[in-house]
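Observations on the three-dimensional arrangement
One-letter residues, chain by chain:
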Protein chains: 2
Amino acid sequence: MSETGRRLLEAATAAFAAKGFHGTTTRDIATGAGVTPGAVYVHHRSKEELLFQISRHGHEATLDLLVSTLEQAPDDPVEQLRALMFEFARWEAVHHTTARIVNYELQALSPEHLDEVVALRRDLRALVRDLVERGRAAGVFHVDDPGLTVVLLISLCIDITRWFSDDGGWSAEEVAAGVSQAALRLVGVAPQS
Amino acid sequence: MSETGRRLLEAATAAFAAKGFHGTTTRDIATGAGVTPGAVYVHHRSKEELLFQISRHGHEATLDLLVSTLEQAPDDPVEQLRALMFEFARWEAVHHTTARIVNYELQALSPEHLDEVVALRRDLRALVRDLVERGRAAGVFHVDDPGLTVVLLISLCIDITRWFSDDGGWSAEEVAAGVSQAALRLVGVAPQS
DNA sequence: GTCTATAATATGATAGAC
DNA sequence: GTCTATCATATTATAGAC
């Protein structure tokens, strides 16, 4: 992709995160990238295509991160959950601008694009569910409702997107440490950390 | 307010929750209420005024619920947190349509209206923070970072808005029970429930 | 590849008949 | 109070000059 094409993607990311897809105009995006409205369509098919590119890339990056985190973690559900939640939470905090679009602009995607992205979200959820089930089978996690536990674990990470700010009270690493500790408590692992 | 005025509010709530403020047109709202676009302005000043009315009412209802829940709860931080989180989570689940607007459409409010709503959000946060501090002072909550704990507790409730569905796997009460148990674990209370 | 200009449509809100 | 009609503007996207 050309330099201008990339700048347009960045401008779209900033604008979509701040004002939402429907609250952003193609003029906003063009202006943010330092070009005139007509130039947008040399680099991108449509405004929705820009959204899809941001959303898909964000989903793929998150999923790739979690898969490789699990691959590198020791063969222990406790350490795996700690690592998974730390990296997941850190990603949402560091990339909170992109993550906001990933998590809150799904409804603006075309039906076909939404399908593709929902499949990636299903994969991510399956990853967490499998880990919770393994910890439960190993007798180290103690949860009444594994399905609801999975939703709440993911909630802790996704909602970071909503409240995290670069100039707020915590760094991405502090948030990640707090969330991964909270996760271990949530699955009934004694708070030794 | 007239019957039509109320129907317009309900139609706006449904539309804003489904498509966002900027993704909703005044024609959508009028059609949803069974009237023509011109009739909207007999009952409401503007589209943004509809949003503000929904948002303010939702914020006030949540805050009132939490205040009265704390008033009625026994003088024990553990039971107070259990009750507070149960009622908060249940409200977000039962009223997930309104709650979606409350939690995710802040940026579409006018600056003056946003100020008013942010003040209510601050009050709600202070309520939770005070409770966590009291539990900590009493030696029954064990948390390293009370501020971050408060954010995560509120996260568990707010994010319900995003994922809860009436025809999903859990009732509002099941979710509320799971969230309040998760909250107690999160603050380091032994999982006896 | 970017610009200016503009087409085609959609939008928030209002006017005036009934 | 609701309707039809419409104003004024904004919007996505394209056309054609440079």
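Bear in mind the structure is a predicted one, so any value in this text is a computation, not a measurement.

**Some remarks on the relation of the copies chain A and chain B**
Two copies of the chain are present, and they differ by a rotation about an axis and a shift along that axis. Of the transformation placing chain A onto chain B, the axial shift is 0.0 Å and the rotation is 180°, giving an RMSD of 0.0 Å. Such a combination of turn and shift is consistent with a two-fold rotation axis. A shared interface surface links the copies, since 100% of the contact residues of chain A are contact residues in chain B too.

**Overview of the protein's contact with DNA strand D**
Around DNA strand D, a shell composed of 16 residues is seen, among which Arg27(A), Lys47(A), Thr4(B), Thr36(B) and His43(B) lie nearest. At 2.9 Å from a phosphate oxygen of DNA strand D is found a side-chain nitrogen or oxygen belonging to Tyr41(A). Measuring from a phosphate oxygen of DNA strand D, one finds a side-chain N or O atom of Thr36(B) at 2.7 Å.

**Considerations on the pattern of salt bridges**
Charged atoms that come close allow side chains of opposite charge to pair. A complete count under the given rule lists 14 salt bridges over all chains for this structure. Measuring nitrogen to oxygen at the nearest pair gives 3.1 Å for the salt bridge that ties Glu87(B) to Arg90(B). Here Arg90(B) and Glu87(B) lie together in helix 5 (residues 77–94), a separation of 3 residues that amounts to about one turn. On the basis of relative accessibility, which here comes to 26%, the residue Arg90(B) falls in the partly exposed class. A single network of salt bridges, built from pairs that share partners, joins Glu87(A), Arg90(A) and Glu173(A).

**Concerning the interface of chain A and chain B**
Contact with chain A, which involves 36 residues of that partner, is made by 36 residues of chain B. Surface buried jointly by chain A and chain B totals about 2600 Å² across both partners, of which 62% is contributed by carbon and sulfur atoms. At the boundary of chain A with chain B, the tally comes to 0 salt bridges. Elements represented by at least two residues in the side of chain A that touches chain B include exactly helix 1 (3–19), helix 6 (96–104), helix 7 (111–137), helix 8 (146–158), helix 9 (160–163) and helix 10 (172–186) of chain A. Ranked by the residues each element gives to the side of chain A that touches chain B, the list is headed by helix 10 of chain A, at 8 residues. Counted by class, the side of chain A that touches chain B contains 15 nonpolar, 12 polar and 9 charged residues.

What counts and what doesn't
Once a new chain begins, its residue numbering starts again from 1 and follows that chain's sequence as written. The lettering of chains begins at A and the numbering of ligands begins at 1, in the order of writing. Under the rules for a predicted model, residues below a pLDDT of 70 receive no local features and side-chain atom pairs below 80 are neither given nor counted, while totals for whole chains, interfaces and linings still include all residues. Note: side-chain values were computed over all heavy atoms of the structure, leaving out hydrogens and water. Least-squares superposition of the copies uses the C-alpha atoms of those residues scoring a pLDDT of at least 70 in each of them. Between two residues, a contact is recorded if the distance between any of their heavy atoms is within 4.5 Å. Residues are classed as near a molecule or strand on a simple rule: at least one heavy atom within 4 Å of it. Two N or O atoms form a polar contact when they lie within 3.5 Å of each other; inside protein one atom must be a possible hydrogen donor and the other a possible acceptor, and for residues adjacent in sequence the pair counts only when both atoms belong to side chains. In what follows, salt bridge is the name for a side-chain nitrogen of Lys or Arg lying within 4 Å of a carboxyl oxygen of Asp or Glu. Helix and strand definitions follow DSSP, with helices as H or I runs of at least four residues and strands as E runs of at least two, each counted in order from the N terminus. Each residue's exposure class comes from its accessible area (1.4 Å probe, protein chains only) as a fraction of the maximum for that residue type: buried when under 20%, exposed when over 50%, partly exposed otherwise. Reported buried area values correspond to the accessible surface (1.4 Å probe) lost by two parts on association, with both partners' losses combined. Gly counts as polar in this scheme, as do all residues outside two lists: the nonpolar Ala, Val, Leu, Ile, Met, Phe, Trp, Tyr, Cys and Pro, and the charged Asp, Glu, Lys and Arg.

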